[in-house]
Amino acid sequence: MLYFTIRRLGLAALVALTVSVLAFLLLHLSGDPALALAGEGARQADIDMIRKTYGLDRPLAVQYADWLWHILQGDFGTSVYFKTEAGPLILSKLATTLQLGMGALAFALAISIPLGVLAAIYKGSVIDRACLAIAVLGQALPNFFFALILIMLFSISLRILPVSGSGTWQHFVMPAIALGYYVAPAFMRLIRAGMIEVLGADYIRTARAKGLPARTIIFKHALRNAIVPVVALAAVQLGYLLGGSVVIETIFALDGLGYLAYQSITYKDYPVMQLIVLLLSVLYVLLTLAADIANAWLDPRIRVS
């Protein structure tokens, strides 16, 4: 198990390094950063001065090595638009995105676990097909369109939830639903498949033969074993939710990393854009690593040699 963990840590470090290269190259693939920072109609002398100021006149490999070295030292650069250090700026927005991601994950699990259990118990019935239809709808419906439906229903028609902002927990209800509903079907299908497999196991038949109540068999014996893969998937999906919050945060004007990324793209704030991409990518890698290790520990069927 120790060798398995070390091997996964090494792989995660390699992936994180690759992500840092891609995050840095995004700046240059999107066009000339100096020209973008100078704006339309800028003189060539101004563009050359910006290149020299930000070190953009040096070879690309030298620029990357210098940027990575400063990142490792904790120097994340300065925001071009907000005129402040990029590191503290991004950290001040991270809590909002984490709250949104955790809320979306909690909502996804809250609806997917009951639906998955029901679909497995009534396999092949109308209830099973209805649960599967809800799952298909969750992935077929774009989250931005679903978010607009929620705004029209709960903010405009019923007037029970605020339409934008991040001041109270009520501001996170609709964003969490809109973001979490998209990943709920993956949990639902995994729980359904796991429950169907577990309910056909010998120890479940033995429990039924002993006369144990159906509720005890389902929730104490079957669900406890079927939910093991969900732990690993939850960590991976949390990384996806954090990275996929840009659209939802922009629609609901949540003051998080997603909305900051939108602002950075709008105002061509490249240092902040690079750091957000790097941070969210590294978080996804770390969460995937944690899920991999947790799954190996929890599921004895996985070989870790």
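Please read these numbers as outputs of a predicted model, since none were measured by experiment.

**Regarding the overall build of the chain**
At step 1: Check the secondary structure of the chain and you find 14 helices and zero strands.
At step 2: In the chain, the succession of helices and strands from N to C terminus is α-α-α-α-α-α-α-α-α-α-α-α-α-α.
At step 3: For the C-alpha atoms alone, the extent of the chain along its principal axes is close to 85 × 55 × 30 Å.
At step 4: Counting across all 305 residues of the chain, residues that qualify as buried make up 40%.

**Digging into the side chain of Q237**
At step 1: With respect to the helices and strands, Q237 occurs in helix α11 (residues 228–243).
At step 2: Filtering out sequence-adjacent residues up to four positions away, Q237 remains in contact with V183, A186 and F187.

**Some thoughts on the nonpolar core**
At step 1: In terms of nonpolar packing, the biggest core is built from 61 residues, with M195 and I276 touching the most fellow members.
At step 2: Per-element tally for this core: the top contributor is helix α8 (residues 173–199), with 13 residues.
At step 3: The contacts of I276, once residues within four sequence positions are left out, are I90, L257, L260, A261 and S264.
At step 4: Among the nonpolar cores identified, the runner-up in size contains five residues, and L115, C131, A135 and M188 belong to it.

**Here we look at the side chain of D269**
At step 1: Residue position: D269 is located in the loop between α13 (257–266) and α14 (270–298).
At step 2: For the buried D269, no salt bridge exists, and the shortest N-O distance to an oppositely charged side chain is 8.4 Å, to K83.
At step 3: Other than its neighbours up to four places away in sequence, D269 contacts S79, V80, Y81, F82 and S264.

**Examining the packing of aromatic side chains**
At step 1: Taken as a whole and assessed by the stated rule, the structure comprises four aromatic pairs.
At step 2: For the ring pair F146 and Y181, a centre distance of 5.2 Å and an interplane angle of 45° mean the geometry is tilted. A residue pair is termed long-range when its members are at least 10 positions apart, and F146 in helix α7 (residues 143–157) and Y181 in helix α8 qualify at 35 residues.
At step 3: On the basis of relative accessible area, F146 is assigned to the buried category, the value being 15%.
At step 4: Given the relative accessible area of 11%, Y181 is considered buried.

The rules behind these values
Residues numbered from 1 in each chain as written. Predicted model: local features only at pLDDT ≥ 70, side-chain atom pairs only at ≥ 80, totals over all residues. Heavy atoms only, no water. Helix = DSSP H or I, 4+ residues; strand = E, 2+ residues; numbered from the N terminus. Buried < 20%, exposed > 50% of the residue type's maximum accessible area, 1.4 Å probe, protein only. Contact = heavy atoms within 4.5 Å. Core = buried A, V, L, I, M, F, W, Y, C linked by side-chain atoms within 4.5 Å. Lys, Arg positive; Asp, Glu negative; His and termini not counted. Salt bridge = Lys/Arg side-chain N within 4 Å of Asp/Glu carboxyl O. Phe/Tyr/Trp six-rings, centres within 6.5 Å; stacked < 30°, edge-to-face > 60°.

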